[in-house]
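Notes for the structure review
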Amino acid sequence: MHIGLIGLGKMGFNMRERMRNGGIEVTGFDRNPDVTDVASVDELIAALPTPRLVWVMVPSGEITDAVVNELRGKLSEGDLVIDGGNSRFTEDQKHAAALAEKGIRFADCGVSGGVWGLQNGYGLMAGGSEEDIALAMPVFDALRPEGERADSFVHVGGVGAGHYAKMVHNGIEYGLMQAYAEGYELLAAKDIVKDLPGTFRAWQKGTVVRSWLLDLMVKALDEDPGLASIDDYVEDSGEGRWTVEEAIANAVPAPAITAALFARFASREDTSPAMKMVSALRHQFGGHATRPAN
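Residues numbered from 1 in each chain as written. Predicted model: local features only at pLDDT ≥ 70, side-chain atom pairs only at ≥ 80, totals over all residues. Heavy atoms only, no water.

Comments concerning helix α4 (residues 89-100)
Helix length check: α4, at 12 residues, gives a terminal C-alpha distance of 17 Å against a target of 16 Å (1.5 Å per residue), a fit within 8%. Buried residues of α4: F89, D92, H95, A96 and L99, and no others. Looking down the long axis of α4, one finds its buried residues gathered within 105 degrees of arc, a one-sided arrangement. In this structure, the buried side of α4 is in contact with α3 (62-74), β4 (80-83), β5 (105-112), α8 (161-189) and α11 (239-249). (Helix = DSSP H or I, 4+ residues; strand = E, 2+ residues; numbered from the N terminus. Expected span 1.5 Å × (residues − 1). Buried < 20%, exposed > 50% of the residue type's maximum accessible area, 1.4 Å probe, protein only. Arc of directions from axis to C-beta. Contact = heavy atoms within 4.5 Å.)

Examining the environment of V156
Topologically, V156 is positioned in strand β7 (residues 153-157). Looking at V156, the relative accessible area reads 38%, which means it is partly exposed. Sequence separation of V156 and L143 is 13 residues, and the distance between their C-alpha atoms is 17 Å. Once residues lying within four places of it in the same chain are set aside, the contact partners of V156 are M125, A126, A161, G162 and A165.

Here we look at the nonpolar core
A general tendency of soluble globular proteins is for nonpolar side chains to be buried together. Among the nonpolar cores identified, the biggest contains 27 residues, and M19, W55, I82 and F140 are the most heavily contacted of them. Those elements that place two or more of their residues in this core are β1 (2-6), α1 (10-21), β3 (53-56), β4, β5, β6 (123-127) and α7 (137-143). In this structure M19 touches I3, L5, I24, V26, V139, A142 and L143, once residues within four positions along its chain are discounted. In this structure, M177, L196, A274 and A280 belong to the second largest nonpolar core, which totals 23 residues. (Core = buried A, V, L, I, M, F, W, Y, C linked by side-chain atoms within 4.5 Å.)

Digging into the pairing of β5
With eight of its eight residues buried, β5 lies for the most part within the structure. Bridge analysis of β4 against β5 gives four bridges, and the strand direction is parallel. When the bridges of β5 are listed, I82 appears paired with A107. The parallel pair β4 and β5 is bridged by α4, and the resulting crossover is right-handed. (Pairing = 2+ DSSP bridges. Right-handed = clockwise from strand over helix to strand, strands pointing away.)

What about the pairing of strand β2 (residues 25-29)?
In terms of burial, β2 is largely enclosed, as four of its five residues are buried. As judged from the five bridges shared by β1 and β2, these two strands associate in the parallel manner. By the bridge assignment for β2, I6 is matched with F29. Regarding the hand of the β-α-β motif, the stretch spanning β1, α1 and β2 is right-handed.

Re the environment of V41
Mapping V41 onto the fold places it in helix α2 (residues 41-47). Expressed as a C-alpha distance, the spacing of V41 and G12, which sit 29 residues apart in the sequence, is 16 Å. In contact with V41, not counting residues within four places along its chain, are I6, F29, E70, L71 and K74.

Side note on the packing of aromatic side chains
Aromatic ring pairs are described here by two measures, namely the spacing of the ring centres and the angle between the planes. Following the criterion strictly, the structure yields five aromatic pairs and no others. Taking the centre distance of 6.0 Å and the plane angle of 70 degrees together, the rings of W55 and F140 count as edge-to-face. Here F140 lies in helix α7 and W55 lies in strand β3, a separation of 85 residues in the sequence. Residue W55 shares its accessibility class with F140, and that shared class is buried. Ring geometry for F200 versus W203: centroids 5.0 Å apart, planes at 75 degrees, classification edge-to-face. Exposure remark for F200: the relative accessible area of 0% places this residue in the buried category. (Phe/Tyr/Trp six-rings, centres within 6.5 Å; stacked < 30°, edge-to-face > 60°.)

Structural notes on the pattern of salt bridges
A complete count under the given rule lists 14 salt bridges for this structure. R88 serves as the salt-bridge partner of E245, at 2.7 Å between the closest nitrogen and oxygen. Taken together, the residues span a long stretch of sequence, with E245 in helix α11 and R88 in the loop between β4 and α4 at a distance of 157 residues. Taking relative accessible area as the criterion, E245 reaches 38% and is therefore assigned partly exposed. Residue D141 pairs with R144 through a salt bridge whose shortest N-O separation is 2.8 Å. Classification of D141 as partly exposed rests on a relative accessible area of 27%. Owing to a relative accessible area of 11%, R144 belongs among the buried residues under this scheme. Salt bridges sharing common partners tie together R16, R20 and D37. (Salt bridge = Lys/Arg side-chain N within 4 Å of Asp/Glu carboxyl O.)

Looking at a nonpolar patch on the surface
A cluster of nonpolar residues, V168, I172 and L176, forms a patch on the protein surface that exposes about 230 Å² of accessible area. Inspection of the secondary structure puts V168 in helix α8. We classify V168 as partly exposed; its relative accessible area is 31%. (Patch = residues over 30% accessible without salt bridge, like charges linked within 9 Å, V, L, I, M, F, W, Y side chains within 5 Å. Areas by Shrake-Rupley, 256 points an atom, 1.4 Å probe, with all protein chains shown as cover.)

Right, here's the structure in full:
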């Protein structure tokens, strides 16, 4: 199978490599000449067999809009576009409608795995028609971890469902990171705790709070035991806000996720060891930039 991939940043670059390792032929385009395979979107389209499959992996919002609009004018009837970025699910429906006017198919896919996806594989949540998801299944299988497909891939529903599931996934992620970070701050505040990194390390096997996030927490503390190099300012990338907005719209109580989002806002005003840890965790799993400590 041969696909096009637009966007070779932190995620897209590694996804291209994992797909190639899984037997998928990939032609990638990026504005960065150091990583791109072709010089333009036109060259990418010309390189693909028909019906073409083009995976878009660029930042959500205006950049995704621009790429989808460009593809709308250049692809052919029957081609398939998959948005694998972090677009809001309502944007998927707009993009699908615009492409459908030209007979171009559309699917969305929430992708989780961050900078570790090349090594470990990606968790995938797809939205679209049965036919379109089946067409792209070799790509999904190359990206996901080895083992049972159902353990790392789900066809959630129609267009937008994949990004909706990923939005909720990231909202849960906000709450989990906040809980670990508050525990870190509480342990650090008590002078009877003499081995803080060792405490978290001892939780990695056999306890009910063991997780990959906990493993990354231990890794962050190994690299910087006091998190002295990291500022406590924490960004939010959008999905947490959207999750809270959806909770309000559907009258679903989500106090943990909402509090975690508000804690990130508070991090921009006060000094907080807990928010240093949230910033460190975001860097560990997603490669998100941290601010240096003042």
